[in-house]
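Summary of structural features
The primary structure of each chain is shown beneath.
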Amino acid sequence: MSKKWVYRFNELDAIEEYVDGSWDDVRGLLGGKGANLAEMVRIGVPVPDGFTITTEACNEYLSLGEHLPDGLWEQLTSSLSEIEVATGKTFGDPKNPLLLSCRSGAKFSMPGMMDTVLNLGMNDETVAGLIESTGDARVAYDLYRRLIQMFGSVVMHIPDGKFEEVISRKRKEVGVKTDTELTGEHWMAVTEEFKNVFRFHTHHHFPTEPYAQLQMATEAVFMSWNGKRAFDYRNAAGIDHKLGTAVTIVAMVYGNLGDDSGTGVALTRSGTTGEHRIEGDYLTNAQGEDVVAGIRKTKDLSALKFEMPEVHAEFERVAVLLENHYREMQDVEFTIEKGKLWMLQTRDGKRTSQAAVRIAVEMVEEGLITKEEALMRVTPDLIDFFFHPQFDTQAMKDAAEDDKLLATGLNVSPGAAVGIVALDANLAQKWAKEDGKNVIMVRPETRPDDVHGMLAAQGIVTSRGGRTSHAALVARQFGTPAVVGVDEMDIDFTRRQIRVGNKVIREGEYISVDGTTGEIFLGQIETKQPDIKDEWLLKLLSWADEFRTLGVWANADYPVDATRAREYGAEGIGLCRTEHMFMEPERLPLVQQMILAEMELQRIEAIKALLPFQREDFTGLFRAMDGLPVVIRLIDPPLHEFLPDHVSLVKELSDLKIQLQHAPNLAVIDDLLEQVRVKEKVLARVELLREDNPMLGMRGVRLGNHFPDLPRMQVRAIIEAASLVTKEGGDVRPEIMIPLTSHVNELIFQRELLEVEAKKVMEEQGIEISYKFGTMIEIPRAALTADQLAEHAEFFSFGTNDLTQTTYGISRDDAEQGFLIEYMVNGILPENPFETIDRDGVGQLMKMAVEKGRKTNPDIKLGICGEHGGEAKSIALCHELGLNYVSCSPFRVPLARLAAARAAIAGKK
Ligand code: PEP
Ligand code: MG
């Protein structure tokens with residue numbers, strides 16, 4: 001007996017037995033599509049009858065030199081007879097014809113394989129029979145011409161444009177704009193011309209014998225496995241060439257058989273908000289393509305409740321079946337044929353970040369998934385999208401009152417975008433990439449070859465299409481705000497402008513697009529950062545907190561940042577960069593005075609004058625972080641950063657000297673001379689402080705040791721502020737951090753100096769403040785000697801920005817503008833090490849520092865405060881290394897909470 005090559009959709013049990021129960025192997029044998037359809041049948045979803053020819057048959061066919069394997073054809077025809085019995089229709093029967101679709105389906109979704117052929121079984125006899133039974137020549141010829149067109153282009157590789165030319169010629173000849181206006185007679189003429197196109201390009205008649213059509217289509221699928229595009233794709237994606245493709249044959253059902261028929265696409269929950277409500281578009285009396293093409297305006301699925309209440313109820317039943325089985329929101333394609341609902345396809349639905357969060361949370365509450373699963377489903381980048389800017393509500397109201405509301409369409413991808421209108425993808429890309437402009441790409445609809453423009457744009461607007469249109473899907477996937485289906489908008493490519501009523505916007509003018517409400521405004525509307533108030537996000541993050549073991553702190557310099565960080569869930573401040581405070585206008589002159597002072601006394605005066613400012617800064621921070629640790633890092637950058645730029649100074653001096661030569665009187669000369677003297681002094685100091693490699697020069701702890709009065713003042717400010725807040729009844733937990741340590745003696749020297757000062761302040765204040773003393777690990781030598789450092793530090797914080805810089809010997813500021821990007825494009829570096837911690841290098845140093853540090857000081861607290869502390873993969877590494885916390889920008893705190901929980905869950909597995 002020959003091998004079993006063909007399985008009906010209802011034979012899933014037999015297949016599972018054959019492959020020993022592995023679902024992966026079922027997919028391997030039936031392809032993703034075939035396995036999916038069989039699974040739907042098993043759970044009781046109404047799927048049109050059909051069968052799948054296995055990937056083994058494909059491989060056998062190819063190895064036999066393109067010959068059908070023994071027994072295949074018999075099995076195929078016998079399966080077909082069973083379908084004929086089940087449907088009451090016969091393949092090739094002129095009176096009551098069964099029509100079939102033929103699709104390829106490999107284990108992995110794979111572009112380049114043969115596409116779908118619909119309506120197999122149509123020919124001159126069946127078309128006549130269909131006209132007789134349906135009384136609708138238009139439908140019958142439309143089916144027939146579609147078969148010739150698809151068979152011609154997909155099986156015989158005739159360029160599809162050749163067929164489209166015929167249709168557009170016909171439309172012109174008849175004087176109509178759309179295909180739907182063509183009658184049965186017109187389609188009959190088109191069909192005849194299609195046959196000619198077919199004969200002209202293939203030198204054969206179109207095969208009218210149904211079984212011949214079926215065999216040719218099946219073999220074409222098999223052969224497409226070895227087509228060049230499929231082959232190249234497999235090479236690029238690393239897919240095994242031996243897998244082969246399956247062929248799925250399905251009985252056709254029709255949505256264009258009258259007003260009790262229809263077709264559409266739907267999501268089992270809202271893909272925009274996540275609300276538990278079926279959301280979709282459909283068309284009555286239409287074919288599937290009509291919905292996707294966006295030619296006719298689709299109806300909202302809620303209308304089905306009134307048009308076909310029973311079908312709507314059945315739809316709801318099926319949606320529950322699907323969700324209970326897949327435990328995921330599903331994206332389905334369906335057809336209603338004479339009041340009967342058929343599901344054609346289901347897959348996990350695409351969604352916005354807001355929807356992803358809400359769906360995950362509600363599925364936990366509905367008992368469909370566990371909290372861990374919900375946390376693993378919402379990826380950290382979705383949380384990042386969540387915090388995309390939104391329009392200021394008041395600004396939107398004002399704009400509406402000013403008659404700036406241009407139009408409203410479907411809100412398919414949330415977020416606010418402001419930019420200039422670009423009417424095609426190339427221009428959108430050029431303006432965005434080359435000219436650095438914010439662009440909104442506006443098109444009638446989008447296609448795959450528009451994606452480069454869509455990616456470059458801040459926002460996307462289309463005049464056609466629904467929630468499942470190409471534009472909506474791409475926008476959602478990339479988190480780009482989008483509004484589609486703005487049908488009142490007229491795009492005029494000749495004048496390069498868009499018009500809505502009497503409002504005209506020329507290409508290059510600004511519009512503001514709100515993907516959350518679907519509104520489009522003229523001009524630029526102010527945007528703001530969203531609040532973390534979404535109830536589902538809050539719930540998800542509270543679950544994250546249950547699972548994570550890593551603490552999440554924030555890098556914040558000012559009380560307002562600290563307050564926000566706390567609101568977002570930060571459990572401490574992991575880095576307050578004090579030098580930012582020195583840059584402020586009323587302080588900078590004091591800092592400069594300190595640096596330029598020739599006498600020690602002058603320097604001390606300037607430093608003293610800075611003390612009240614610093615005390616005020618820290619008081620605010622301690623109040624905002626009541627009860628939580630605050631790590632204050634003492635001054636870090638090289639001093640020249642506080643002084644005027646060398647080149648500008650030289651230029652200003654030379655300008656002054658020129659003015660001197662033309663001075664009109666002595667008073668002016670005196671004044672200019674004084675200015676020259678001051679500038680020359682500054683210049684001399686700047687030149688003295690100038691370093692060839694300032695990043696490796698006098699900064700960090702080196703600066704603190706050089707000018708001990710400076711860190712001493714900072715410590716005084718910290719302890720004075722802490723005393724003040726403690727006396728107010730606050731709970732203060734200061735941690736003093738020394739930057740850029742490389743040798744233990746640097747730490748010992750600083751610690752002694754600072755402890756003396758801290759003690760002095762406490763005595764003055766008559767209060768005991770408990771504080772910690774620690775260091776950053778941001779130089780390889782510090783990591784290598786962490787055991788020594790740990791004896792003099794209560795905590796370490798990894799400064800991975802500098803640690804990456806010093807480990808690689810790459811200057812971040814220069815490299816990211818230059819060769820680093822080139823390195824990533826060329827694949828020399830797989831990732832940007834300044835974005836994701838370099839596990840093999842920097843990660844090794846961190847590991848060593850953790851182990852050595854804990855060896856001499858088991859209680860040492862370990863954290864990270866480089867940018868990596870807010871990046872998901874790096875957070876996972878920090879979890880693995882056993883750090884106590886990560887610290888990141890306040891806006892990344894929610895992401896870090898989730899990433900830390902995911903790392904903990906993944907670790908348990
Ligand atoms: C670091 O180097 O990682 C760090 C946090 O310090 P900065 O970025 O201020 O140099
Ligand atoms: Mg640093």
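Criteria and cut-off values
- Residues numbered from 1 in each chain as written.
- Chains lettered and ligands numbered in written order.
- Predicted model: local features only at pLDDT ≥ 70, side-chain atom pairs only at ≥ 80, totals over all residues.
- Heavy atoms only, no water.
- Donors = N, O, S within 2.8 Å, 3.2 Å for Na, K, Ca; no water.
- Helix = DSSP H or I, 4+ residues; strand = E, 2+ residues; numbered from the N terminus.
- Buried < 20%, exposed > 50% of the residue type's maximum accessible area, 1.4 Å probe, protein only.
- Pairing = 2+ DSSP bridges.
- Contact = heavy atoms within 4.5 Å.
- Axes fitted to C-alpha atoms, helices over the stretch in contact; angles between N-to-C directions.
- Disulfide = S-S within 2.5 Å.
- Near = heavy atom within 4 Å.
- Polar contact = N/O pair within 3.5 Å; in protein donor to acceptor, adjacent residues only side chain to side chain.
- Areas by Shrake-Rupley, 256 points an atom, 1.4 Å probe, with all protein chains shown as cover.
- Nonpolar A, V, L, I, M, F, W, Y, C, P; charged D, E, K, R; others polar.

Right, let's get into the coordination of the magnesium ion (ligand 2). Ligation of the magnesium ion (ligand 2) by protein atoms is provided by E778 (OE) and D802 (OD), these donors lying 2.0 to 2.2 Å from the ion. Remark: D802 occurs in helix 33 (residues 800-808) and E778 occurs in the loop between strand 30 (772-777) and helix 31 (780-784); sequence separation between them is 24 residues. Of the residues examined, D802 reaches a relative accessible area of 10% and is grouped as buried.

The next point concerns the sheet that holds strand 9 (residues 279-284). The antiparallel open sheet is built from 5 strands, whose spatial order is 10-9-8-11-12. Both outer strands of the open sheet, strand 10 (299-300) and strand 12 (340-348), are each paired with one neighbouring strand and no more. Where strand 9 and strand 10 come together, 2 bridges link them in antiparallel fashion. Each residue of the ladder has a partner; that of Y282, found in strand 10, is K299. The strands touched by helix 13 (residues 309-326) within the sheet are strand 8 (262-267), strand 11 (330-337) and strand 12, with strand 12 carrying the most contacts at an inclination of about 30°.

The subject of this paragraph is the state of the cysteines. Overall, the coordinates contain 0 disulfides when judged by the stated rule. Counting only cysteine sulfurs, C878 is the nearest neighbor of C888, a cysteine outside any disulfide, at a range of 11 Å. With a relative accessible area of 2%, C888 lands in the buried category.

Now for the sheet that holds strand 19 (residues 482-484). In space, the 8 strands of this open sheet follow the order 14-24-23-16-17-18-19-15, with mixed pairing throughout. The outermost strands of the open sheet, each flanked by one partner alone, are strand 14 (405-408) and strand 15 (410-413). When strand polarity is set aside, the average angle formed by the axes of neighbouring strands in this sheet is 30°. Direction of pairing for strand 14 relative to strand 24 (residues 519-522): antiparallel, over a ladder of 3 bridges. Of the residues in strand 24, the one forming a bridge with L405 is F521. In the packing of helix 17 (residues 393-401) onto the sheet, contacts are made with strand 14, strand 23 (510-514) and strand 24, and the angle to strand 24 comes to roughly 70°.

By nearness alone, 13 residues border ligand 1, and R577, E778, G799, N801 and D802 come closest of all. The side chain of R633 places a nitrogen or oxygen atom 3.0 Å from an oxygen atom of ligand 1. Between ligand 1 and G799 there is a distance of 3.3 Å, counted from an oxygen atom to a backbone nitrogen or oxygen. Within the complex, the protein chains bury 88% of what would otherwise be the 290 Å² of accessible surface of ligand 1. Listed by contribution, the elements that provide at least two residues to the shell around ligand 1 are strand 27 (573-577) and helix 33. Ranked by the residues each element gives to the shell around ligand 1, the list is headed by helix 33, at 3 residues. Classifying every residue of the shell around ligand 1 gives 3 nonpolar, 4 polar and 6 charged.

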